[in-house]
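Single-letter residue listing:
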Amino acid sequence: SYLQSAGTLSEIAAVHRGIEWRSDQAAAVRNNAQPGFVPGIHASGAMRMFATTGAPVWLDARPERLLYKAIDLPWSEPKILANAARVSRGPWALAAAIDRTGIVASQQLFGIWRKPGAPSLQALAALLNSPLGAAFISSHSPPDRIRVSAVRAVPIPHSFPVGLDDLVDRYCKSAQSPSGLFTSGSEAGLQSLLDEIDGLVMQAFDLPPKLERAVLAYFHGAQRPTIQPWQSWPAGTLALVSTRSSKAHLSAARAGGSWISDTFRPLPKEEAILLREALDDVESR
């Protein structure tokens, strides 16, 4: 309800399901190149947040075998791939990754293309992988799949934060390491980068502290489809507020004297208490 007046992803991106076949999907996939087949991703389980796993397969693209005309979509252009079958029955149902290699997706996935003048692919991927994007998609989809209408209806912020593209690029580059070869240091680095990405997206929506707290609580204890092991935020805290930007606000408050009272005086008492708890959490770190 709070974001009802916000724009939606459909205003800045086109979302379509991948190619479908007239007969059994299993017969449309090969591990090696064959005439009439194109490189692609078939299984939704290959998707991770900001990354894909496994090598591409070969998908049957022969016109007589195809249902509908999804093969005519601009697959060769940079895009986002995301799973159409849920990767989990829990709240982290979708994982989105940027593809610049021109591969084709099966009906188990979505292809997402930015519209002219839209924010970057990095920003769109950060939105879809964010707690708010994930909560919206999960709560507007059935237990076994993700509705294309839910993805198209994901709320978008008024503007995306500066620095988001760089953080996403750094995360994607760091996540290139083969699964299982992460060191404790690299895992911590990826966790920190993802926390910053999440924090910037959430900050762009500027939710009241009570609502942000509810969004984070929705994911407590759930497994996130990241390329590296991921630790959930502490229960009962506004962990995503504790980003570099919030620490900068805290420093400004100390230097500016009346900044806190001037800024937060209009807040209702309950929200002021929640915000004070969040700032105390930043102070303790």
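About the cut-offs
- Counting of residues starts from 1 at the beginning of each chain's written sequence and follows it residue by residue.
- With pLDDT at 70 or above as the cut-off, local features in this predicted model cover only qualifying residues; side-chain atom pairs require 80 or more to be listed or tallied, and sums for whole chains, interfaces and linings still use all residues.
- Calculation of side-chain values draws on the structure's entire complement of heavy atoms; hydrogens and water are dropped beforehand.
- By this definition, two strands are paired if DSSP reports at least two bridges between them.
- Working definition: helices are DSSP H or I runs of at least four residues, strands are E runs of at least two. Numbering for both runs from the N terminus.
- The pairing test for Phe, Tyr and Trp rings, Trp by its six-membered ring, is centres within 6.5 Å, and the orientation test on the planes gives stacked under 30 degrees, edge-to-face over 60, and tilted for anything in between.
- Summary of the burial criterion: residues with accessible area below 20% of their type's maximum are buried, those above 50% are exposed, and those between are partly exposed, where the area comes from a 1.4 Å probe applied to protein chains only.
- In this scheme, the term charge over a ring applies when either NZ of a lysine or CZ of an arginine sits within 6 Å of the ring centre and within 35 degrees of the ring normal.

**Student:** Can you lay out the pairing of strand E5 (residues 37-41) for me, pointing to particular residues and giving the numbers?
**Tutor:** Bridge analysis of E5 against strand E8 (residues 57-60) gives 4 bridges, and the strand direction is antiparallel. Pairing of Gly40 across the sheet is with Val57, part of E8. Bridge count between E5 and strand E12 (residues 104-105): 2 bridges; the pairing is parallel. Across the sheet, Gly40 pairs through a bridge with Val104, a residue of E12.

**Student:** So what's going on with the packing of aromatic side chains? Residues and values would help.
**Tutor:** Scanning the entire structure with this criterion turns up 5 aromatic pairs. Taking the centre distance of 5.7 Å and the plane angle of 80 degrees together, the rings of Trp92 and Trp230 count as edge-to-face. On the criterion of sequence distance, the pair formed by Trp92 in the loop between strand E10 (79-83) and strand E11 (96-99) and Trp230 in the loop between helix H6 (209-218) and helix H7 (244-256) is long-range, its members being 138 residues apart. Neither Trp92 nor Trp230 differs from the other in exposure class; each is buried. The lysine or arginine in question, Arg224, covers the ring of Trp230, its NZ or CZ lying 5.0 Å from the ring centre.

**Student:** Would you mind going over the pairing of E10 in detail, with residue names and values included?
**Tutor:** Counting buried positions over the 5 residues of E10 gives 5, a clear majority of the element. Both faces of E10 are covered, namely the face carrying Lys79, Leu81 and Asn83 and the face carrying Ile80 and Ala82. As paired elements, E10 and E11 share 4 bridges and run antiparallel to each other. Opposite Ala82, over in E11, you have Ala96 as the bridge partner. Alignment of E10 against strand E13 (residues 109-114), held across 4 bridges, turns out to be antiparallel. Residue pairing across strands places Leu81 opposite Gly111, the latter belonging to E13.

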